[in-house]
Amino acid sequence: MILDYQGTFCIIPTGNHSGKFKLHLRTPGPVGDFYKLLKYRCQERRFMKDARIFVLLKIPSTGLYYTPMINPGQIWNKYLSTAGGKGNRDAASSKLLQEKLSHYLDIVEVNIAHQISLRSEAFFHAMTSQHELQDYLRKTSQAVKLLREKISKIDKVMCEGSLRVLRLSLTRNNCIKAYNKLKLMATVHQTQPTVQLLLSTSEFVGALDLISTTQEVLQQELQGIHSFRHLGSQLCELEKLIDKMMIAEFSTYARNDLNRPLEDDCQILEEERLVSLVFGLLKQRKLNFYEIYGDEMIITAKNIIKQCVVNTVSQIEEIDTEVVVKLADQMRMMNFPQWFDLLKNIFSKFTIFLKRIKATLNTIHSVVFLVLDKNQKTRDLEDTLQKNSAKDSTVDTEVAYLTHEGMFISDAFSEGDLPPVAADDTTSQRNTSPNSEPCSSDSVSEPECTTDSSSSKEQTTSSVTPGGVEMMISDDMKLTDLELVRLANNIQELLYNASDICHDRSVKFLMARAKDGFLEKLNSSEFVALSRLMEGFILDTEQICGRKSMSLRGALQSQANRFVNRFHEERKTKLSLLLDNERWKQAEVPAEFQDLVDSVSDGRISLPEKKPAATEERKPTEFLIVEGQKYATVGTVLLLIRIILEYCQCVDNIPSITTDMLTRLSDLLKYFNSRSCQLVLGAGALQVVGLKTITTKNLALSSRCLQLIVHYIPIIRAHFEARLQPKQFSMLRHFDHITKDYHDHIAEISAKLVAIMDSLFDKLLSKYEVKAPVPSACFRNICKQMAKMHEAIYDLLPEEQTQMLFLRINASYKLHLKRQLAHLNVVNDGGPLNGLVTSDVAFYTGNLQALKGLNNLDLNMAEIWEQKR
């Protein structure tokens, strides 16, 4: 046989068989497929088993042939066995099997005979005892029959009735269970209508509790009930609907609460409704409900301002709303009193608005903390029960032992000694004991209530809110302490946001009015009134909300800075104009300025209130009396003192501008010092005012004016120091610098007065000749000029300053006289020339000491002579 893997199989029989045939395959296959086909062909040609078959395999790619090593017998038995010799083989196999079985039977008989021969005695004993055993069995059967008859009678007399009672009791209990189950099903069936009824009255918490209880009953006691297969999903959808309804209801509540008429009433609107809504939202974990309230606050704050403006504009006849359409333009047409009243009205409305918000948020806050407190109590109770479980372990062990031994609990404990926990666990322990039968659908159970099933019971705790509303808190609140604390913080932050909202809206209102520079044009009294109003509102909001809001305070500070700049520029310009027109002559002091100075002396640095006009007006005085000292001043200085007091009073009225006012006042004082120096010492008044000359009287008056200002600098410093923070005390150094500058200026004026006389002495004494007559014309002229100097300054400067000034002038005089005498070689030798000089000096001394206030002046004229060495 030749196998061609290209698709042709050739079979060549040998021996007594002849003929050959070819097998054709469409596709090459394994050798097993070839042998199966070969078997089929051999059965058709009736080839015998002993036919010799050769297999040649041809490799198509090389054209070579090879013979695989195949056992012909295995091939025949496996593939080429035919059905032709089946009958002969069966007959031979049957004969051989019969012979094997006969042989096995002989072997068995021989083994049995051998065993019998070994145990012959026992065998024959058993055979002889068979009759006895039959008799014994017969008697036993009769006894069993008799016993059964007795048991049957006992069963009928004693057990059948009791068992029937037990079966009836079991049936009754099963019927009760079925009834209760049907009753529970009927109750569950009424869940949806009941929920709809509760929702119609806004009882969201009750509806949610009912849905939660029903879902637990469906999962635990009515599981598998075909008629309720869709109820769970329906309840879930209903719960989602309730969530949306609660959010919508809370939005409506917030809108109604915040949009109530803003009167003095700050009571909570429908507190029970609010508590119910908040509790329901917490139960459903809708923890972002406070954002709804926050959005409503923003809208309401806008409407409050708008409504106030509309109401105010409608009462002002000068504003034509048909011509001026925009509300902001209508507001800008108001004068300050009208706008101030509007702002006051807005602030009062915002104050009531914040009080209402605080009351509502406090109620929400209390509900959150009640839930938090309930969680804490629940954890404490669980810890207590866990600690008590260790104490009850001995009782539980004994109960378990007694139940295991088949004893009843009542046999071990009296009813009074039975622990409550053990009593509750008795039934479960009996059911789980080894002697009890497994539970089945026909087992006896306790009657069940339709609504108070063990699986759906919820522990509730009664709590009372600060407003007196009582509410029941169930144990199914699945909120953690962290979530509740975070929610409480967010609610508190919402109160802070309410204050910020009111301040922000107020700032926008102020900025809308300030667009045309209205606020910058306010005078001091108007701005102080505005500042006090805003400060009062800021303090009220801080007291209500407990936190500072910086927006309105910042706007006030910004306006205050603008006011300070304008306030300072106006007064600096006014002072500049006064100085440019000042002729540096002594001015009369009106009574109002004397009153102003007197009020400062009493410790009150403020402008006195205007007194009603008296029947007889007080006449002005020549000098300003300050703490018993007379001050001759010019009109500019009087007004400067008033301006200084205006700065100080402005600081009292607006504390926030203290530092700015201090800086501006320092600048003003420096400006007066430098400008007055330019006009008097620098002789600027000659060109500015048109003075012919700067006289000694002008100089003395300028010095006295500077001394008056220096007198008030420590008082001003103390006033500002009392209103500064400790960290701001470094700013007070400005007053120290100003005081030094003023003292330097005063010293320069004194030096200028001495310099005037010094130049006079130099001019006159340089021409002095020692000769008759006595007194000489030079000394008469000197005494005349000294008298004029004294006359110019005596009424302006204090007596002590006059004496000190003339001592310095006298020293200058002695220096020049001494130099001239040395030039003339006149010595103190008692000669004629010495006598003449002594006479002139005596004349000078007499005239000088004759001047008012200089009689006790120590002139020490001996210094004019050269000391002998």
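Let me begin by describing the structure that accompanies this report.

Criteria and cut-off values
Residues numbered from 1 in each chain as written. Predicted model: local features only at pLDDT ≥ 70, side-chain atom pairs only at ≥ 80, totals over all residues. Heavy atoms only, no water. Core = buried A, V, L, I, M, F, W, Y, C linked by side-chain atoms within 4.5 Å. Buried < 20%, exposed > 50% of the residue type's maximum accessible area, 1.4 Å probe, protein only. Helix = DSSP H or I, 4+ residues; strand = E, 2+ residues; numbered from the N terminus. Contact = heavy atoms within 4.5 Å. Salt bridge = Lys/Arg side-chain N within 4 Å of Asp/Glu carboxyl O. 1 Å grid on protein atoms, 1.4 Å probe; cavity = no way out; pocket = protein on both sides within 12 Å on 5 of 7 lines; lining within 4 Å. Points joined across faces, edges and corners; volume = space filled by probe spheres on them. Nonpolar A, V, L, I, M, F, W, Y, C, P; charged D, E, K, R; others polar. Polar contact = N/O pair within 3.5 Å; in protein donor to acceptor, adjacent residues only side chain to side chain. Expected span 1.5 Å × (residues − 1).

### Some thoughts on the nonpolar core
Within soluble globular proteins, side chains that are nonpolar tend to cluster in buried spots.
Then, in step 1: With 197 residues, the main nonpolar core has Trp339, Met661, Phe720 and Tyr813 as its most contacted residues.
Then, in step 2: Among the elements that make up this core, the one with the highest residue count is helix 11 (residues 336–391) (18 residues).
Then, in step 3: With sequence-adjacent residues up to four places away left out, Phe720 is seen in contact with Cys648, Val651, Thr658, Met661, Leu662, Leu665, Leu732 and Phe735.

### Some words on the pattern of salt bridges
Then, in step 1: Summed over all chains, the structure comprises 18 salt bridges.
Then, in step 2: As a salt-bridge pair, Glu542 and Arg553 come within 2.4 Å of each other at their nearest N and O atoms. Of the two residues, Glu542 is situated in helix 16 (residues 524–545) and Arg553 in helix 17 (residues 550–580); the sequence distance between them amounts to 11 residues.
Then, in step 3: When the shortest N-O distance is used, the salt bridge between Asp652 and Arg723 registers 2.3 Å. Remark: Arg723 occurs in the loop between helix 22 (696–721) and helix 23 (733–765) and Asp652 occurs in helix 19 (residues 635–653); sequence separation between them is 71 residues.
Then, in step 4: Three or more residues are tied together by salt bridges with common partners; here these are Arg566, Glu570, Arg571 and Glu646.

### Re empty space enclosed by the protein
Then, in step 1: Counting across every chain of the model gives two cavities of 30 Å³ or more.
Then, in step 2: Estimated volume of the largest cavity: approximately 60 Å³.
Then, in step 3: Lining the largest cavity are Val600, Ile605, Ile641, Ile644, Leu645, Tyr712, Ile715 and Ile716.
Then, in step 4: Going through the elements one at a time, helix 19 and helix 22 are the ones with two or more residues in the lining of the largest cavity.
Then, in step 5: Residue classes in the lining of the largest cavity are distributed as eight nonpolar, no polar and no charged.
Then, in step 6: Lining the second largest cavity are Leu361, Asn362, His365, Ile491, Gln492 and Leu495.
Then, in step 7: Where the lining of the second largest cavity is concerned, the elements lending two or more residues are helix 11 and helix 15 (481–513).
Then, in step 8: Class assignment of the residues belonging to the lining of the second largest cavity gives a composition of three nonpolar, three polar and no charged.

### Points about the side chain of Asn653
Then, in step 1: By secondary structure assignment, the location of Asn653 is in helix 19.
Then, in step 2: Reaching out from Asn653, the side chain makes a polar contact with the side chain of Arg532 at a distance of 2.3 Å.

### Topic: helix 24 (residues 777–793)
Then, in step 1: End to end, helix 24 covers 25 Å across 17 residues, agreeing with the expected 24 Å (1.5 Å per residue, within 8%).
Then, in step 2: Inspection of helix 24 places Cys778, Phe779, Ile782, Cys783, Met786, Met789, His790, Ala792 and Ile793 among the buried residues, and these make up the whole buried set.
Then, in step 3: Buried residues along helix 24 sit against helix 22, helix 23, helix 25 (799–824) and helix 26 (832–850).

### With respect to the side chain of Gln594
Then, in step 1: Positionally, Gln594 belongs in helix 18 (residues 591–601).
Then, in step 2: Its relative accessible area of 14% is what places Gln594 among the buried residues.
Then, in step 3: A polar contact of 2.9 Å, which involves the side chain of Gln594, links it to the backbone oxygen of Ile625.
Then, in step 4: The residues touching Gln594, leaving out its near neighbours within four places in the chain, are Val589, Phe623, Leu624 and Ile625.

Functional significance is not addressed by these values, which are geometric in nature.
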